[in-house]
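Given next are the chains, with one letter for each unit.
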Amino acid sequence: MKITVTMQDHYRYENNVDVISADVAYVVEESFSINDESGNGNGLVDYGESVLLSLSMQNIGNVDATNVTATLSSFKSLDYNY
């Protein structure tokens, strides 16, 4: 659903809002952290670096979530041709 908020003498705010069924599990990413202390310690996953990724998920649905699987992906393509 698209929502629009307006007020006199202010910019209009528009955004999409997810509307979910009341009787489903709905698991979302709550927070994450990257620990690269064994690398250069800059908080980023750099090339050739081993990191510890901690991920917290939350079920905001109204029923229990079972057999949950998370997939890690990147929006950038990787090129290993040197």
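That block above? That's the structure.
Every residue gets a number counted from 1 within its own chain, in the order that chain's sequence is written. Per-residue local features are limited, in this predicted model, to residues with pLDDT of at least 70; the limit for side-chain atom pairs, both in listing and counting, is 80 or more; totals at the level of whole chains, interfaces and linings are taken over all residues. Excluded from the side-chain calculation are hydrogens and water; included are all heavy atoms of the structure.

Draft legend 1. Spotlight on the overall build of the chain. Within the chain, the secondary structure is distributed over 0 helices and 4 strands. Secondary structure is summarised from DSSP: a helix means a run of H or I of at least four residues, a strand means a run of E of at least two, and numbering begins at the N terminus for each. Listing each helix as α and each strand as β along the chain from the N terminus yields β-β-β-β. When we talk radius of gyration, it's over C-alpha atoms, and the globule rule is simply 2.2 Å times the number of residues to the 0.38. A compact globule built from 82 residues would reach a C-alpha radius of gyration of about 12 Å, whereas the chain, at 19 Å, exceeds it by more than 25%. By its C-alpha atoms, the chain is 50 × 40 × 25 Å across when sized along the principal axes. Here the chain holds 82 residues, and the buried ones make up 4% of them. The long-range fraction of contacts in the chain, counting pairs at least 24 apart against all pairs at least 6 apart in sequence, stands at 40%. Computed with a 1.4 Å probe, the accessible areas rest on the Shrake-Rupley method; for each residue, only the protein chains presented here act as cover. When the accessible surface of the chain is split by element, carbon and sulfur atoms take 50% of a total near 7,700 Å². Summary of the burial criterion: residues with accessible area below 20% of their type's maximum are buried, those above 50% are exposed, and those between are partly exposed, where the area comes from a 1.4 Å probe applied to protein chains only. Residue contacts are defined here by distance: any two heavy atoms, one from each residue, within 4.5 Å place the two residues in contact.

Draft legend 2. Quick peek at the side chain of Glu49. For Glu49, the location among the structural elements is in the loop between strand S3 (27-35) and strand S4 (52-59). Relative accessible area serves as the criterion here: at 17%, Glu49 is assigned to the buried category. Under this definition, polar contacts are N or O atom pairs within 3.5 Å; protein pairs additionally need one hydrogen-donor-capable and one acceptor-capable atom, and for neighbouring residues in sequence, both atoms have to be side-chain atoms. Here Asn40 takes part through its backbone nitrogen, which lies 2.9 Å from a polar atom of the side chain of Glu49. Ignoring any residue separated from it by four or fewer positions in sequence, one finds Glu49 in contact with Asp36, Gly39, Asn40, Gly41 and Leu44.

Draft legend 3. A look at unusual backbone geometry. Phi at Asp9 takes a positive value of approximately 65 degrees, unusual for a residue other than glycine. Following the sequence through the fold, Asp9 ends up in the loop between strand S1 (2-5) and strand S2 (13-16). Judged by relative accessible area, Asp9 falls into the exposed class, the value being 74%.

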